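The primary structure of each chain is shown beneath.
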Amino acid sequence: MQEATVDQRQAKTATGAYDPKSMKAEEFIHHGEILETLAWAEKNRDNADEIERVIEKAKQKKGLSHREAVLLLDCAIPEKNEEIFRLAEQLKKDFYGNRIVLFAPLYLSNYCINSCTYCPYHKQNKSIPRKKLTQDEIRREVIALQDMGHKRLALEAGEDPVNNPLEYILESIKTIYSIKHKNGAIRRVNVNIAATTVEDYRKLKEAEIGTYILFQETYHKESYGKLHPSGPKHDYAWHTEAHDRAMQAGIDDVGLGVLFGLEGYRYELAGLIMHAEHLEAAFGVGPHTISVPRICPADDIDPDTFDNGISDDMFAKIVAVIRLAVPYTGMIISTRESQASRERALHLGISQISGGSRTSVGGYADVKPENDKSAQFDISDDRSLDEVIRWLIDMDHIPSFCTACYREGRTGDRFMSLCKSGQILNCCHPNALITLQEYLEDYASPETKERGEAMIQREVERVPHEKVRERAKKFLGEIHNGARDFRF
Ligand code: SF4
Ligand code: SF4
C-alpha cells in the first residue's frame, strides 16, 4: 500500500521541474538540478571572476544559492579558498559573536523498526542490547544532566510505534520539564524523532518543544532507498517532506542535517542548501539549525564500508561554505568529532556544540561500560562538560546555556528577522554571560570558575548598549546572591 503511493508520487514527479516552492520532495530536491549544479561548479572551479562574484555576494550576508555554494566548495584557487575561510570566520563573528551554546543528547529508547545500514539501532542488529527508559529512569538521567549543568537537551529515540509511540515521547517531555533539582532545570527540549504526521507534530508543539530536528541522512534518492531498505523511513518523500509537515503544524523552528560519508559530499551540500531554499520559499523561514555529522564507528557499523568519507580539510570547507550560504542558521557539531576537528570548525561557523555527551540509553545516571554497548555511535570527544567549558573559555569562546529565544517567543520568522539584521547578538552576548555565571556558581570546578569569572568581567564591559550592560551587571550580582533564570 505504502509502496504504491511512493511509486505513484515518483511517476508524477519524474519529469517535474525544479521548484523550490513545491511541496513535493522530488521537485524541491531536484536530482536533475543537482547534477547540473555539480557539472556547472566543476566547470567553473578555476573561474576566478565567477568565484570572486560569489564571494562578494557572500559578503553582503544575505546567503548564497545552492549553485553558488557548490562553486565555493569546489573552488580550486588557493587564495580564494583562504578568502572563503576568512569570510566564514568573519560572518560567524558578525552573526553570533563569540558565544557557543551547549546542549546534550538524551537517548530515550533504541528500539527501532527501520533498517538504516549506517546505524547500530537498525532492527536486524541482534547484538545490541535494546533499552527504553521508564519515566523514573528519565528522572535519574535528567538529574544527572542537571548536576552537570545542562539546560538544553536534544531527545533521541528510534522509530517504533509499539515501544516508543508518540504518547511515550510526550510523557517523557513532560517529565523532563517537571524536574527541578537543586538549582537545575531543563529549559529547552529539542526533539529528534522520526518523520510523523501533522497531527503528531501539533502534539509536539503543544508539549512545548524547541526545535524539531530531522536529519535527511542523504539527499540522493536512489542511495537513500538502498541505505534504508525497509521500514517507514524507506519512503524518501515522507521523510524529506517531514519538516514541511512540522511547519504546517506550527513548529516554526526546524533543524536539517546530512550524515556526511553516505553519499558524495558535493551532492549532499547542494541538497542541503536546496532544502534551506525550499523552507524559505515555502514558509518564509529558513532552517533554525543545520547539523553536520560524519559517519563514525559503532556496534555492527564499520565506516570503512561506506565509500564517501571526507577528510578533515574537506569537512572544514563544508562548514565554512554552509556559514556563507545560510549565515542566519545555527550550526551544530557533536562529540562524534574529535577535539581538534571541533576546534577548527568552531572558528568557521559552528554556533552550538554538545558536551559531556553519552550516546547510550541510560548513560548519564548509570555510567557503566556495559551501558556503552547500547550507544548509537562512538564518541571522539569524551571530555567532561567542565573540561569542555574550560577549553571554550581558553579559546575565548563564551560557553552559553542560553534558552531565551524560545521562551520569549522569539521563534520562526520573528527570530529570523532579528538574526538576519544582526540584532540577536544584543541578546546572545549578555545571555551567554548570565547563564555562564549560573554554571560557575552551581557546577564548575574551582579552576573553571576562576577563568570563567575573569571572562565574564572582561566581556560584560563589551556589551555595547549601556542600559543592557547595566542590567546584565545587575543580573550577574543577583545570580551571585542565589537568584536564577534571568534573560534578555
Ligand atoms: Fe532507527 Fe534512526 Fe538508527 Fe535509522 S538512524 S535505525 S531510524 S535509530
Ligand atoms: Fe540562542 Fe536566542 Fe539565546 Fe541567542 S538569545 S543564544 S539565539 S536562544
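The preceding data block contains the structure.
Residues numbered from 1 in each chain as written. Chains lettered and ligands numbered in written order. Predicted model: local features only at pLDDT ≥ 70, side-chain atom pairs only at ≥ 80, totals over all residues. Heavy atoms only, no water.

## A word on the overall build of the chain
- Scanning the chain from terminus to terminus reveals 22 helices and nine strands.
- Over its C-alpha trace the chain gives a radius of gyration of 22 Å, about what one expects of a compact globule, namely 23 Å for 488 residues.
- The principal-axis extent of the C-alpha atoms belonging to the chain is close to 65 × 55 × 40 Å.
- Each of the 488 residues in the chain was classed as buried or not, and the buried ones make up 60%.
- For the chain, long-range pairs separated by at least 24 residues make up 74% of all intrachain contacts whose partners lie at least 6 apart in sequence.
- Of the charged side chains in the chain, 65 are positive and 77 negative, and the gap between their average positions amounts to 4 Å. (Helix = DSSP H or I, 4+ residues; strand = E, 2+ residues; numbered from the N terminus. Rg over C-alpha atoms; globule rule 2.2 N^0.38 Å. Buried < 20%, exposed > 50% of the residue type's maximum accessible area, 1.4 Å probe, protein only. Contact = heavy atoms within 4.5 Å. Lys, Arg positive; Asp, Glu negative; His and termini not counted. Charge placed at Lys NZ, Arg CZ, Asp CG, Glu CD.)

## As for the side chain of Gln352
- Within the secondary structure layout, Gln352 lies in strand β8 (residues 352-354).
- With residues near it in sequence (within four places) discarded, Gln352 still touches Val101, Phe103, Arg152, Thr289, Met331, Ile332 and Ile333.

## Focus: empty space enclosed by the protein
- One pass over the full model with this rule turns up five cavities of 30 Å³ or more.
- Taken as a whole, the second largest cavity encloses approximately 280 Å³ of empty space.
- Taken together, 22 residues line the second largest cavity, and the ones lying closest to its centre are Arg99, Val101, Arg152, His288 and Phe415.
- Taken together, the elements giving at least two residues each to the lining of the second largest cavity come down to β1 (99-109), α18 (404-407) and α20 (425-442).
- The residue makeup of the lining of the second largest cavity, split by class, is 10 nonpolar, eight polar and four charged. (1 Å grid on protein atoms, 1.4 Å probe; cavity = no way out; pocket = protein on both sides within 12 Å on 5 of 7 lines; lining within 4 Å. Points joined across faces, edges and corners; volume = space filled by probe spheres on them. Nonpolar A, V, L, I, M, F, W, Y, C, P; charged D, E, K, R; others polar.)

## Things to note about the nonpolar core
- Formed by 152 residues in total, the largest nonpolar core has its most connected members in Ile173, Leu204 and Ile353.
- The element that contributes the greatest number of residues to this core is helix α14 (residues 312-325), accounting for 10 residues.
- Apart from residues no more than four positions distant in its own chain, Ile173 is found in contact with Leu155, Val189, Val191, Leu204, Ala207 and Ile209. (Core = buried A, V, L, I, M, F, W, Y, C linked by side-chain atoms within 4.5 Å.)

## Some words on the site of ligand 1
- Around ligand 1, the surrounding shell consists of Cys112, Asn114, Cys116, Cys119, Tyr121, His122, Gly158, Lys233 and Gln376.
- Tallied by class, residues from the shell around ligand 1 come to four nonpolar, four polar and one charged. (Near = heavy atom within 4 Å.)

## With respect to helix α21 (residues 446-460)
- If you check α21, its first and last C-alpha atoms are 21 Å apart, about what 15 residues at 1.5 Å a residue would give, namely 21 Å.
- Where the residues of α21 are buried, they touch α17 (385-394), β9 (398-400), α20 and α22 (466-480). (Expected span 1.5 Å × (residues − 1).)

## What about the side chain of His122?
- Structurally, the position occupied by His122 is in the loop between β1 and α7 (135-148).
- With near-sequence residues (within four places) excluded, His122 lies in contact with Asn114, Ser115, Cys116, Arg130 and Asp300.

## Observations concerning the site of ligand 2
- For ligand 2, the full set of nearby residues is Arg99, Val101, Arg152, Cys402, Ala404, Cys405, Arg410, Phe415, Ile424, Cys427, Cys428 and Asn431.
- Applying the majority rule of atoms within 2 Å of the grid points places ligand 2 in the second largest cavity.
- Going through the elements one at a time, β1, α18 and α20 are the ones with two or more residues in the shell around ligand 2.
- A per-element tally of the shell around ligand 2 places α20 first, with three residues. (Sits in = over half its atoms within 2 Å of the grid points.)

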